[in-house]
Amino acid sequence: MILICGSLADGVTELVCSRLQGCGYPYRLLDLARFPEDYRVSWHWTEGGPEGWIATADWRLDLDAISGVYARFLGPEDRPQPPGLEPADAAALRAEGDSSLTALLEDLECPVVNRIGGGLSNNSKPYQTLLINRAGLSVPPTLVTNDPAAARAFHAEHGEVIYKSASGVRSIVRRVGPDQFARLELLRDGPAQFQAFVPGHNVRVHTVGERVFATRIESEAVDYRYAHLEGLTARLEPVALPPALEAACLGLAHAFDLLFAGIDLKETPEGEFFCFEVNPCPGFLYYERQTGQPISTALAELLHGSARQPPRAAILHPGSAHPDLS
Amino acid sequence: MNLLLGHPEDPCCAGVRARLEDHGLPVRIVAAPLAPPAKFTWRLNASGLASSLYPDTPDTEINGVLVRDTGWLEPDGWDAADHAYMQAELRAVTLAWLAGLACPVINRPDAALWYRPDASLLSWRRLLRRCGLPLPEVVVTSDPAEARAFRHRLAKGGVPGAVYTPLTGPPAGYLLADNEAWERLAKLQVRAPVCLTEPHGAAALACIVGNAVIWDRAPPPEAVALEPALLRFTTAAHLSFVEIALAPVRRGLAVVLVNTLPRLEHFALPARDGIFDALVTLLTAENAAVAPAAAVLS
């Protein structure tokens, strides 16, 4: 039995559920919009891993019957307020419920897509860029600074520069133009992240266990996800990666302990690839619908246990080069 | 220069600063590392990483960093949403900066540690178990019948009550000693699962600094026997500074606390002295001042 932790109001979770149904793989949905208040759980740790069950009024699932877990957590805006509680109390109880669930997922032996630890690297883009670089993939020249002069020098050096948030908040990529140039003095209030613009096509790589699905995106937009906001379009098509790059993407996902990852690459006109980001909770719906790539089927097979899966990794750590200290 | 990211009133920052000054070593305590006078630049390109926090001190002249806080932006003057955004930005940048420093960083954070500094014992459980450390029995349940069964199982073993441990917020435990407390717990369980742990006896407190296990007071022999497992854990967790409590439960000694931001006020003066000395040794370790190598999996 597969456990899905998410909400059917989310298109990605809905696609995963419908694919499982289509494949004939049984699953239970733990609806995070109604968790924890509408569920009963009992998880017990003695000397080994967890034992116990999850139940609703309609079903009960023993932990040892779970072959795989897919978790896609919701933002507070997607979780209705339980009746009879102050918002702060509701938030505190939800946080307790989520913490208990993530602790359980951390300790289950079956495949979990994804455990939370590795995915937290995505909260710091420059941190993740550093680890990607150390893993052997090329990354674009990057500057993080609160010094307007340094930003100007970087712009002068690279000509075309983009900026984006350093955290996972408000993460939209934009080009540095005259308007932004005029506001560089505001950097003194807080640093921003700049990257040399890399020309070429975006390539989104989804790794699912040991499988790789690469999609080339042709768009004039700086951030193709928001092409429509600029009145532009994006054309997507499946593409084969060089074997070494495919292996590097799998290695990167493995190093971040991500059984399912969305890796953002760009291929220059010269055929060089740069890596921008590893997304631990990829919204792959867009890519699958546009290209017909069987990403959700691969995910279903991974969760069912019918696909080969990599052994669980220790997470890439920045201090691995300092074994005596870190 | 040595940097202590934290607050002057933190006994750990204060003690380490005093020790470093005794050695004639320059030291600075900084609560908000990216605030002025910092003029921060962090450049990553094909030639590698170069960063600079202060205009007067290149990062290559920072000898060591002790991390006691992830930094805080005062909310005065900020719209709430903008403040949350800027706080997230500053934390993201500080993490990247610490991850890239070539000098010793205690504890050099990974994203999981940085964004979950108050991780509960439950979240450390898998790694502790794999390192051979015993743990207390735990039940997480929203079912009052399961909570009652746990209570009866403990009672049969001669243990009255259980400890309710919230999984969020600062470490805390509440002993459920009477029926009234269990009834209140049952009401809470209607809303959310609760984490119950078997009660433990008096704890032996250890602070692990690098490869040194410093006990607060003379530990029992069975605690000393666990020192190799404790060091396996800190190595596996990439922690060079951690507070751990071991205490007797029904099946023997077990780990009942892991704190990655050790509270020095928990330790008696002789132990504190040992901790400060060990921290200063780590911060000034010459062999650690090497540039980060290429990717190595932890």
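Residues numbered from 1 in each chain as written. Chains lettered and ligands numbered in written order. Predicted model: local features only at pLDDT ≥ 70, side-chain atom pairs only at ≥ 80, totals over all residues.

> Which residues make up the interface of chain A and chain B, and what values go with them?
The accessible area lost on association of the parts is a frequent measure of interface size. Taken together, the contacts link 63 residues of chain A with 62 residues of chain B. Among the secondary structure elements, those contributing two or more residues to the side of chain A that touches chain B are strand E3 (40-45), helix H2 (87-107), helix H4 (125-134) and strand E8 (142-145) of chain A. No other element matches H2 of chain A, which puts 9 residues into the side of chain A that touches chain B. Residues of the side of chain A that touches chain B, tallied by class, amount to 29 nonpolar, 24 polar and 10 charged. (Contact = placed C-beta atoms within 7 Å. Helix = DSSP H or I, 4+ residues; strand = E, 2+ residues; numbered from the N terminus. Nonpolar A, V, L, I, M, F, W, Y, C, P; charged D, E, K, R; others polar.)

> Run through the sheet that holds strand E12 (residues 212-215) of chain B, naming residues and quoting values.
Residues and elements named next belong to chain B. Pairing within the open sheet is antiparallel, and its 4 strands lie in the order E12-E11-E13-E14. Lying at the two open borders of the sheet, with one neighbouring strand each, are E12 and strand E14 (252-259). Each neighbouring strand pair of the sheet contributes to a mean axis angle of 30°, computed without reference to strand direction. Relative to strand E13 (residues 241-249), strand E11 (residues 204-209) is paired through 6 bridges, and the arrangement is antiparallel. Within E13, the residue paired with Cys-207 across the bridge is Glu-243. (Pairing = 2+ DSSP bridges. Axes fitted to C-alpha atoms, helices over the stretch in contact; angles between N-to-C directions.)

> Describe the pairing of strand E2 (residues 27-30) of chain B, and please don't skip the residues or the numbers.
All names here are of chain B. As defined by bridge partners, strand E1 (residues 2-5) adjoins E2 across 4 bridges and the pair is classed as parallel. Within the sheet, the bridge partner assigned to Leu-4 lies in E2 and is Ile-29. A crossover links E1 with its parallel partner E2, the connecting element being helix H1 (residues 11-22), and its sense is right-handed. (Right-handed = clockwise from strand over helix to strand, strands pointing away.)

> Provide a residue-level description of the confidence of the model for chain A, including the pertinent values.
Residue-level pLDDT values for chain A average 90, and 94% of them are 70 or greater. Counting contacts from residues 321-326 of chain A, a segment whose pLDDT is below 50, to residues more than four positions away or on other chains yields 22 contacts. (pLDDT = per-residue confidence, 0-100.)

> Lay out the sheet that holds E8 of chain A in plain terms, naming residues and giving numbers.
Reading across from one edge, E10(A)-E9(A)-E11(A)-E8(A)-E3(B)-E4(B) is the order of the 6 strands in this open sheet, with antiparallel pairing throughout. The sheet is open, and its two borders are formed by strand E10 (174-175) of chain A together with strand E4 (48-52) of chain B, each paired with just one other strand. Bridge analysis of strand E9 (residues 161-164) of chain A against E10 of chain A gives 2 bridges, and the strand direction is antiparallel. Looking at E10 of chain A, one finds that Tyr-163 of chain A is bridged to Arg-174 of chain A. Of the strands in this sheet, E8, E9 and strand E11 (192-196) of chain A together with strand E3 (41-45) of chain B touch helix H5 (residues 148-158) of chain A, which is tilted by about 165° from E8 of chain A. Helix H2 (residues 80-100) of chain B contacts E8 of chain A together with E3 and E4 of chain B of the sheet and is inclined by roughly 115° relative to E4 of chain B.

> Quick rundown of helix H9 (residues 295-304) of chain A? Include the residues and the values.
Residues and elements named next belong to chain A. Extensive coverage of H9 is indicated by the burial of 8 of its 10 residues. If you check which residues of H9 are buried, you get Ile-295, Ser-296, Ala-298, Leu-299, Ala-300, Glu-301, Leu-302 and Leu-303. Directly beyond the C-terminal end of H9, a positive phi value near 95° is found at Gly-305. (Buried ≥ 20, exposed ≤ 12 C-beta atoms within 10 Å, placed from the backbone.)

> Could you give me a rundown of the environment of Glu-74 of chain B, with the residues and numbers involved?
Among the structural elements, Glu-74 of chain B can be located in the loop between strand E5 (64-67) and H2. In the structure, Glu-74 of chain B is positioned 49 residues away from Leu-25 of chain B in sequence and 30 Å away in space, judged by C-alpha atoms.

> Requested: an account of the confidence of the model for chain B, with residues and values cited.
Residue and element names in this part refer to chain B. Across chain B, pLDDT averages 91, with 96% of residues at or above 70. Mean pLDDT across the elements of chain B ranges from a minimum in H2, with 92, to a maximum in E12, with 98. Across residues 287-298, where pLDDT falls below 50, the model places 33 contacts with residues more than four positions away in sequence or in other chains.

> Go over the packing of H2 of chain A against helix H4 (residues 121-130) of chain B with me, naming the residues and quoting the values.
Between H2 of chain A and H4 of chain B, the shortest axis-to-axis distance is 9 Å and the interhelical angle comes to 5°. Judged on the interaxial angle alone, H4 of chain B and H2 of chain A are roughly parallel. In this structure, H2 of chain A contributes Ala-103, Glu-106 and Asp-107 of chain A to the contact, and H4 of chain B contributes Leu-122, Ser-123, Arg-125 and Arg-126 of chain B. Of the residues in the contact of H2 of chain A with H4 of chain B, the class split is 2 nonpolar, 1 polar and 4 charged. (Parallel < 35°, antiparallel > 145°, perpendicular 65-115°, else oblique.)

> Could you give me a rundown of the pairing of E3 of chain A, with the residues and numbers involved?
Sheet topology places E3 of chain A next to strand E4 (residues 51-55) of chain A; 5 bridges connect them, and they run antiparallel. Looking at E4 of chain A, one finds that His-44 of chain A is bridged to Glu-51 of chain A. Bridging between E3 of chain A and strand E7 (residues 138-141) of chain B involves 4 bridges; their strand directions are antiparallel. In the strand pairing of E7 of chain B, Trp-43 of chain A is matched with Val-140 of chain B.

> Let's hear about unusual backbone geometry: which residues, and what values?
Looking along the chain, the bond that leaves Pro-36 of chain B and enters Pro-37 of chain B is cis, with omega of 15°. Despite not being glycine, Asp-257 of chain A has its phi angle at roughly 60°, a positive value. Inspection of the secondary structure assignment puts Asp-257 of chain A in the loop between helix H7 (243-255) and strand E15 (260-267). Residue classification places Asp-257 of chain A among the buried residues on the basis of 23 C-beta atoms within 10 Å. The backbone of His-238 of chain B shows a phi angle near 60°, a positive value even though the residue is not glycine. Structurally, His-238 of chain B is set in the loop between helix H8 (227-236) and E13. The class for His-238 of chain B is buried, based on 23 C-beta atoms found within 10 Å.

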